[in-house]
Amino acid sequence: MPQDTALPQLEQSSSGRPESSPRHLLGATPTVESTPSPVRSLYIHVPFCFHKCHYCDFYSIVDTQDRQAPFVERLSAELAAQSHLAGGAPLRTIFVGGGTPSLLRPELWKGLLATLAAQFDLSLIRADRGEFTVECNPETVTRELADILAAGGVTRVSMGAQSFHATHLKTLERWHQPDNVARALDIAARAGIARRSVDLIYAIPGQSIADLERDIDAAASLPVEHISAYNLTYEPNTAMTHRLKRGEFTPADEDLEADMFSLVGERLAARGYARYEVSNYAHAGAECRHNLAYWRQDQWLACGPSASGHARGIRWKNTPRLDDYLSRSDRGWAPTSEVEPRDARRAVRERIMTGLRLREGLPAEWLLSQSSLIAHDTEARVRRALERMSEQGLLSQREPAIVLSDSGVLIADALAARLMKLFV
Ligand code: SF4
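All values derive from a computational prediction rather than experimental measurement.

Draft legend 1. A look at the overall build of the protein. Looking only at helices and strands, one finds 17 helices and 17 strands in the protein. Its C-alpha atoms give the protein a radius of gyration of 22 Å, near enough to 22 Å, the size a compact globule of 424 residues would have. In terms of overall dimensions, the protein has C-alpha extents of about 60 × 60 × 50 Å along its principal axes. Sequence separation of at least 24 residues holds for 73% of the intrachain contacts in the protein that already meet a minimum separation of 6.

Quick look at the structure:
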């Protein structure tokens, strides 16, 4: 994405120029009277991959190795700049995503883990009362790397499997051997990384129901406590979307996609993985704590190019360009493509969008209490909208939480949009 197109949305500094980072909003040490709650989660984006998968719209560049060390050095400065927002409180969750974090060289991982330990209190994570996840590509996990991660406090790996069918991996231009998923998970387990997850993609062109059944069974047979399963989406400007436009394949139709979604839920449930978010399944207690922090609209720090953060009601997105990230620094803060100041209505809309996707639902009392932000009749309109959803069989409960039924989950985003428009 050309990040500079979003610059006009930035807050204006006293000089009248757009600020290049959210430091002016978040960099100050709060006064005693206004001490906000500390931020307890941290996301780090590692922007290197050894190949660009055709469906992917995450910011990543094909690694040339020579920029890994400058990246980690720059990242360390950014971590130091943001660390005061944790206020010395122990972090609950860290998630290192990308890109392919496991592509970073082992000695750089050692440096990064040492920086994290120096800048943040990791005691909760080390006591196994928090969570520290690293996303891995099956081809890049070695025993040396896994040992370094485990020694540095990593408690969880998320392995990109996507499919166990070589033909479908080829369709996605995903470069790994299906057998290496189990090998990589085994290495992580032997290193002492106790919590493990795999990602699947379904509705791949040419994938049949029987193919998907085999993928689900293969994933559920692995030593993993958590499985994410996303339907393939065609994001703008990805190679997959260009191929689709050129007519190189026929995408899965909506009915097949809906059947596949139901199949994933039913088959994983039978294997002990309960859906706790529209696309995420886990054994009891094995939900991804970091992602729950996002979906509950908690606060999190964000470092690395294209990383998005949320703290003290302010949202920001770092510029998705490694060159800018490396060359520009605002006292350690990265240049951003977006900074959104505090906005109570936006915060409600975001909570609706993510909360409705959760099996725990959205607290009904909270939602109704937010209605007073808008207009005197908003609460009545929200109640009416919920009643209609109930009558249509789209809710399984309305009190004390608003929870979607199985048919509601199928159109979760559309239902969220219905409620969100009441909070514009
Ligand atoms: S490995 Fe992940 S981040 Fe990298 S291109 Fe593939 S899907 Fe995108």
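So, next bit.
Draft legend 2. Main features of the nonpolar core. In this structure, A188, Y202 and I227 are the most contacted members of the largest nonpolar core, which totals 76 residues. No other element matches the five residues that helix 7 (residues 179-190) contributes to this core. Counting 19 residues, the second-largest nonpolar core is a separate cluster that includes V348, L386, L395 and L419.

Draft legend 3. A look at unusual backbone geometry. With omega at 20°, the peptide bond leading from G98 into G99 counts as cis. The topology assignment puts G99 in the loop between strand 4 (93-98) and helix 3 (106-119). Look at the link from E399 to P400: it is a cis peptide, with omega at -5°. Residue placement: P400 occurs in the loop between strand 16 (395-397) and strand 17 (401-404). In this model, A203 sits at a positive phi of 65°, which is unusual for a non-glycine residue. With respect to the element layout, A203 can be found in the loop between strand 7 (195-202) and helix 8 (209-220). Non-glycine residue Q297 carries a positive phi angle of around 55°. Tracing the chain through its elements places Q297 in the loop between helix 11 (289-295) and strand 11 (301-303).

Draft legend 4. Spotlight on the sheet that holds strand 13 (residues 314-318). If you walk across this open sheet you meet the three strands as 12-13-14, and the pairing is antiparallel. Each edge of the open sheet carries a strand with a single partner, namely strand 12 (308-311) and strand 14 (336-340). Strand-to-strand twist across the sheet, computed as the mean angle between neighbouring axes with direction ignored, equals 15°.

Draft legend 5. Quick peek at the packing of helix 2 (residues 68-82) against helix 3. For the pair helix 2 and helix 3, interaxial distance at closest approach is 10 Å and the crossing angle is 5°. Taken together, the axis directions place helix 2 and helix 3 in an arrangement best described as roughly parallel. Contact residues: helix 2 offers Q68, A69, V72, L75, S76, L79 and A80, while helix 3 offers L108, G111, L112, T115, L116 and Q119. Looking at the contact of helix 2 with helix 3 residue by residue, the class counts come to eight nonpolar, five polar and no charged.

Draft legend 6. Highlighting the sheet that holds strand 10 (residues 280-282). Spatially, nine strands are ordered 9-10-8-7-6-5-4-1-11 in an open sheet, and the strand pairing comes out mixed. For this open sheet the edge positions go to strand 9 (274-277) and strand 11, each flanked by a neighbour on one side alone. Recorded for the sheet is a direction-independent mean angle of 20° between the axes of neighbouring strands. Pairing geometry for strand 4 and strand 5 (residues 131-136), over four bridges, is parallel. Bridging from a neighbouring strand, F95 pairs with T133 of strand 5. Packing against the sheet, helix 8 makes contact with strand 6 (156-162), strand 7 and strand 8 (226-231), and its axis sits at approximately 175° to strand 7. On the sheet, helix 10 (residues 254-270) packs against strand 7, strand 8, strand 9 and strand 10 and is oriented at approximately 175° with respect to strand 8.

Draft legend 7. Here's a closer look at the domain arrangement of the protein. Per the domain assignment, the segments making up the protein are domain 1 (3-295) and domain 2 (343-424). With eight residues of domain 1 at the interface, the matching set in domain 2 holds eight residues. Among the secondary structure elements, those contributing two or more residues to the side of domain 1 that touches domain 2 are helix 10, strand 9 and helix 11. In terms of residue count, strand 9 provides more of the side of domain 1 that touches domain 2 than any other element does, three residues in total. Among the residues forming the side of domain 1 that touches domain 2, the class breakdown is six nonpolar, no polar and two charged.

Draft legend 8. Spatial organisation of the environment of T155. By secondary structure assignment, the location of T155 is in the loop between helix 5 (143-151) and strand 6. For T155 and H176, which are 21 residues apart along the polypeptide, the C-alpha to C-alpha distance reads 24 Å. Those residues in contact with T155, other than ones at most four positions away along the chain, are I125, D128, E131, F132, I193, A194 and R195.

Draft legend 9. Main features of helix 13 (residues 344-355). Over its 12 residues, helix 13 extends 16 Å from the first C-alpha to the last, a length consistent with the 16 Å expected when each residue adds 1.5 Å. Of the positions making up helix 13, those classed as buried are V348, R351, I352 and G355. Buried residues of helix 13, viewed axially, fall in a sector of 100°; they line one side. The inward-facing, buried residues of helix 13 contact helix 11, strand 15 (362-363), helix 14 (364-370) and helix 17 (412-420).

Draft legend 10. Here's a closer look at the pairing of strand 12. Note: strand 12 against strand 13, four bridges, orientation antiparallel. Within strand 13, the position partnered with S308 by the bridge is K317. Linking strand 12 back to strand 13 in an antiparallel pair, the connection comprises two residues, with R312 at a positive phi of about 50°.

Draft legend 11. Spatial organisation of the pairing of strand 5. Counting buried residues in strand 5 gives six out of six residues, a clear majority hidden from the surface. Across the two faces of strand 5 the burial is the same, with E131, T133 and E135 and F132, V134 and C136 all buried. You can see the chain leave strand 5, run along helix 5 and come back into strand 6, and the turn it takes is right-handed.

How each quantity is defined
- Residues numbered from 1 in each chain as written.
- Predicted model: local features only at pLDDT ≥ 70, side-chain atom pairs only at ≥ 80, totals over all residues.
- Helix = DSSP H or I, 4+ residues; strand = E, 2+ residues; numbered from the N terminus.
- Rg over C-alpha atoms; globule rule 2.2 N^0.38 Å.
- Contact = placed C-beta atoms within 7 Å.
- Core = buried A, V, L, I, M, F, W, Y, C linked by C-beta atoms within 7 Å.
- Buried ≥ 20, exposed ≤ 12 C-beta atoms within 10 Å, placed from the backbone.
- Pairing = 2+ DSSP bridges.
- Axes fitted to C-alpha atoms, helices over the stretch in contact; angles between N-to-C directions.
- Parallel < 35°, antiparallel > 145°, perpendicular 65-115°, else oblique.
- Nonpolar A, V, L, I, M, F, W, Y, C, P; charged D, E, K, R; others polar.
- Domains from an automatic or database assignment.
- Expected span 1.5 Å × (residues − 1).
- Arc of directions from axis to C-beta.
- Right-handed = clockwise from strand over helix to strand, strands pointing away.

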